[in-house]
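Chain residues, written in single-letter form:
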Amino acid sequence: MRFDVVTLFPEMIRTLFEHGVVGRAADSGRVRLETWNPRDYATDRHGTVDDRPYGGGPGMVMKVEPARTAIRAAREAAQPAPVVYLTPQGRPLTSGVAAELAGRERLILLCGRYEGVDERLIELEVDEELSVGDYVLSGGELPAMVVMDAVSRLVPGVLGHEESAARDSFAGGLLDWPHYTRPEVVDGRPVPEILTSGDHGAVEQWRRRQALEKTWIKRPDLLEHQDLNEKEQAMIAAWSRDQND
Ligand code: 9WO
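1. A closer look at unusual backbone geometry
Part 1: For the bond from Arg182 to Pro183, the omega torsion is 5°, close enough to zero to count as cis.
Part 2: The phi dihedral of Tyr114 falls on the positive side, at around 60°, and the residue is not glycine.
Part 3: Among the structural elements, Tyr114 can be located in the loop between β6 (106-110) and α5 (119-125).
Part 4: A residue is classified by how much of its surface remains accessible, and Tyr114, at 36% relative accessible area, is partly exposed.

So, in structure tokens, the structure goes:
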């Protein structure tokens, strides 16, 4: 999978590819990063990439031409790829959307700065808008890094066997179960006995139940789209009864 990121701050983006899972994915060649800086495509002596907004008001707006030339250079550098603009107005990122994006060969991610980009750049060059949450940041770089992190993990071979098993919890639409490691007692709190029992079947059942219970308590909305078996539906019905007693 190849990511082409159009950004005024390429060194911010690069840090993602220097650490942890995404760093190893880049080292193994399973994911690739190229950055394209609109500043390098500005045509005036000062490398101007922003200008004052028509209609007045505070702040600056990203100009069309430098960003557009950078996007076109990215498009031409390899096979065709959709241009994705990171904005709070976009389609919300979910594990399902990340899986869909992981199926593409290539993505071009456009990061805005200042008060935003000239609307005509979006009309002319952007294929999709994607949001990582309902808040305003200082730019699209952190959202682009969020997207690339979530997507890279789903590229075949990026996670080892053990890690990919661990991701099954959220991939299955539930929150994670609780995790424990040594020491066995912390401030008088022991590890749940079942985890040291050596009974793998019982551990698996316990984790599934914990994931289900945590999801029911913290994010009941996630359970609406879940295929639960009869036993699990009965468990939830019992928790609901306990709550109402
Ligand atoms: C600035 C602003 C100021 C007053 C009222 C509303 C406002 N919106 C913005 C704004 O959206 N600024 C953007 C900052 C310009 C483009 C890049 N920026 C950005 C992207 N902030 N937050 C995101 C983002 C992207 C994807 N998912 C969540 C947030």
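Next comes the rest of the write-up.
2. Focus on the domain arrangement of the protein chain
Where interface size is given, it is often the accessible area lost as the parts come together that is meant.
Part 1: Domain boundaries assigned for the protein chain yield domain 1 (2-152) and domain 2 (185-244).
Part 2: Centre-to-centre separation of domain 1 and domain 2, based on C-alpha positions: 39 Å.

3. Looking at the environment of Arg2
Part 1: One can find Arg2 in strand β1 (residues 2-6).
Part 2: Separated by 232 residues in sequence, Arg2 and Ala234 have C-alpha atoms that sit 45 Å apart.
Part 3: Excluding residues that lie within four positions of it along the chain, Arg2 makes contacts with Arg32, Glu34, Trp36, Ala77, Ala78, Glu105, Arg106 and Leu107.
Part 4: Looking at Arg2, its side chain comes within polar contact range of the side chain of Asp4, at 2.8 Å.

4. Notes on the site of the ligand
Part 1: The environment of the ligand is formed by 18 residues, the closest being Thr87, Val132, Gly133, Tyr135 and Leu137.
Part 2: Between the ligand and Val132, the relevant distance is 2.8 Å, taken from a nitrogen atom to a main-chain nitrogen or oxygen of the residue.
Part 3: The backbone of Leu137 places a nitrogen or oxygen atom 3.0 Å from a nitrogen atom of the ligand.
Part 4: In the complex, the protein chains occlude 74% of the 600 Å² of accessible area that the ligand would expose alone.
Part 5: The site holding the ligand turns out to be the second largest pocket.
Part 6: Elements with a minimum of two residues in the shell around the ligand: β5 (83-92) and β7 (128-131).

5. Re the side chain of Thr87
Part 1: Along the chain, Thr87 turns up in strand β5.
Part 2: Apart from the residues lying within four places of it in its own chain, the contact partners of Thr87 are Glu129, Leu130 and Ser131.

6. Examining the sheet that holds β7
Part 1: Pairing within the open sheet is parallel, and its five strands lie in the order β2-β1-β6-β5-β7. With one partner strand each, in any of the chains shown, β2 (32-36) and β7 form the two edges of the open sheet. Strand-to-strand twist of the sheet, defined as the mean angle between neighbouring strand axes without regard to direction, takes the value 40°.
Part 2: Pairing geometry for β1 and β6, over five bridges, is parallel. Within β6, the residue paired with Val6 across the bridge is Leu110.
Part 3: On top of the sheet, helix α6 (residues 141-152) reaches β1, β2, β5, β6 and β7; it is set at about 180° to β1, its chief contact.

7. Notes on the packing of aromatic side chains
Part 1: This model, assessed by the stated rule, comprises two aromatic pairs.
Part 2: Seen from their ring centres, Phe3 and Phe17 are 6.4 Å apart, and the 65° between their planes marks the pair as edge-to-face. One end of the pair, Phe3, is in strand β1; the other, Phe17, is in the loop between α1 (10-16) and α2 (20-27), with 14 residues separating them in the sequence.
Part 3: Among the residues examined, Phe17 registers a relative accessible area of 10% and is labelled buried.

8. Considering the packing of helix α4 (residues 95-102) against α6
Part 1: Close contact between α4 and α6 brings their axes to 8 Å; oriented N to C, the two are set at 75°. One element, α4, and the other, α6, form an angle in the roughly perpendicular class. Here Ala98, Leu101 and Ala102 of α4 lie close against α6, whose contacting residues are Val147, Ala150 and Val151.
Part 2: The class makeup of the residues in the contact of α4 with α6 is six nonpolar, no polar and no charged.

The rules we used
Residues numbered from 1 in each chain as written. Predicted model: local features only at pLDDT ≥ 70, side-chain atom pairs only at ≥ 80, totals over all residues. Heavy atoms only, no water. Helix = DSSP H or I, 4+ residues; strand = E, 2+ residues; numbered from the N terminus. Buried < 20%, exposed > 50% of the residue type's maximum accessible area, 1.4 Å probe, protein only. Domains from an automatic or database assignment. Contact = heavy atoms within 4.5 Å. Polar contact = N/O pair within 3.5 Å; in protein donor to acceptor, adjacent residues only side chain to side chain. Near = heavy atom within 4 Å. Areas by Shrake-Rupley, 256 points an atom, 1.4 Å probe, with all protein chains shown as cover. 1 Å grid on protein atoms, 1.4 Å probe; cavity = no way out; pocket = protein on both sides within 12 Å on 5 of 7 lines; lining within 4 Å. Sits in = over half its atoms within 2 Å of the grid points. Pairing = 2+ DSSP bridges. Axes fitted to C-alpha atoms, helices over the stretch in contact; angles between N-to-C directions. Phe/Tyr/Trp six-rings, centres within 6.5 Å; stacked < 30°, edge-to-face > 60°. Parallel < 35°, antiparallel > 145°, perpendicular 65-115°, else oblique. Nonpolar A, V, L, I, M, F, W, Y, C, P; charged D, E, K, R; others polar.

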